[in-house]
Amino acid sequence: MPSKKALVRHPSPRLAEGLVTHIERERVDADLAVEQWEAYVQALRTHGWETIEVDPADDCPDSVFVEDTVVMYRNVALIARPGAESRREETAGVEEAVAGLGCSVNWIWDPGTLDGGDVLKIGDTVYVGRGGRTNAAGVQQLRAAFEPLGARVVAVPVSKVLHLKTAVTALPDGTVIGHIPKMDAPSLFARFLPVPEESGAHVVLLGGDKLLMAASAPKTAELFADLGYEPVVVDISEFEKLEGCVTCLSVRLRELYV
Ligand SMILES: NC(=O)NCCC[C@H](N)C(=O)O
């Protein structure tokens, strides 16, 4: 049976100091953030995901955004090398967690940088955003790690937002969804559906027709419901103030046979 495990990481007490790059800094309510994180984790559990907490990294303000630290392909965990220096220490705890789960571990090495938020997998196609956090060496190393396993790696320019997955994710049938004003190259995606809100571009596939989405994208939730999906809505306002979205708060491990 394929696994339904998801890595999550408790917010650091220093969350409010997290990086902001493309938006104005706003005050983050740390207590509310913890409540929102707990509700997010509960939503995963309610929909059948076993959540595994990576040991907290309290000194790393952005550590709750665990998606950026590792990319999974089959049972291989590629440990990222975050583009932001302040996030490099986040990977140690994640490496320990995935090794403990029986994953094969591989690494992005200097001079490569790559954030997990830049990697979107649709079947065996692995889109990788080349932008502020992931450099050309990171793209090459991702190719070298995953192409021998059967992946087709497609590089996508990203200049308007933090990560590729800030701009686009995909529905269960593989249709790419995105908010066009935030995309560099929409024509790269063969089957593409534009969404009316920036945060509507972010979905976590919970299984079946269920899509985990942010409360800040009500029009997009309506659009998806009208297409026969079931939006599961969570409020993640405090993480959005730090350019986070629903995808970055977990790493789903779907292909572990352990
Ligand atoms: N995958 C993601 O979308 N990660 C969000 C990371 C936000 C964090 N404040 C950062 O700038 O690295």
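Just above sits the structure.
Just so we're clear, the structure is a prediction, and the values are computed from it rather than from any experiment.

J.: Go over the site of the ligand with me, naming the residues and quoting the values.
T.: In the region of the ligand, 15 residues are neighbours, and Asp 62, Asp 68, Arg 87, Arg 133 and Leu 242 sit closest. The separation between a nitrogen atom of the ligand and a polar side-chain atom of Asp 68 is 2.8 Å. In the model, an oxygen atom of the ligand is placed 3.4 Å from a nitrogen or oxygen of the His 163 side chain. Summarising the interface, the protein chains cover 99% of the accessible area of the ligand, which totals 350 Å² for the free molecule. Of the residues assigned to the shell around the ligand, the class counts are six nonpolar, three polar and six charged.

J.: Could you give me a rundown of helix α1 (residues 30-46), with the residues and numbers involved?
T.: With 17 residues, α1 should reach 24 Å at 1.5 Å per residue; the first-to-last C-alpha distance of 24 Å fits that figure. The secondary structure elements touched by the buried residues of α1 are β1 (5-8), β2 (50-53), β12 (204-207), β13 (210-214), β14 (230-234) and α6 (237-240). The opening residue of α1, the one whose side-chain oxygen lies 3.1 Å from the backbone nitrogen of Asp 31, is Asp 29.

J.: Which residues make up the sheet that holds strand β7 (residues 125-130), and what values go with them?
T.: Judged by pairing direction, the sheet is mixed, and its three strands sit side by side in the order β6-β7-β8 without closing on themselves. This sheet does not close on itself; its edge strands, each paired only once, are β6 (119-122) and β8 (152-157). Adjacent strand axes in the sheet meet at a mean angle of 25° when their direction is disregarded. Looking at chain direction, β6 and β7 are connected through four bridges and run antiparallel. Bridge assignment links Leu 120 to a residue of β7, and that residue is Tyr 127.

What counts and how
Residues numbered from 1 in each chain as written. Predicted model: local features only at pLDDT ≥ 70, side-chain atom pairs only at ≥ 80, totals over all residues. Heavy atoms only, no water. Near = heavy atom within 4 Å. Polar contact = N/O pair within 3.5 Å; in protein donor to acceptor, adjacent residues only side chain to side chain. Areas by Shrake-Rupley, 256 points an atom, 1.4 Å probe, with all protein chains shown as cover. Nonpolar A, V, L, I, M, F, W, Y, C, P; charged D, E, K, R; others polar. Helix = DSSP H or I, 4+ residues; strand = E, 2+ residues; numbered from the N terminus. Expected span 1.5 Å × (residues − 1). Contact = heavy atoms within 4.5 Å. Pairing = 2+ DSSP bridges. Axes fitted to C-alpha atoms, helices over the stretch in contact; angles between N-to-C directions.

That is the geometry; function is a separate question.
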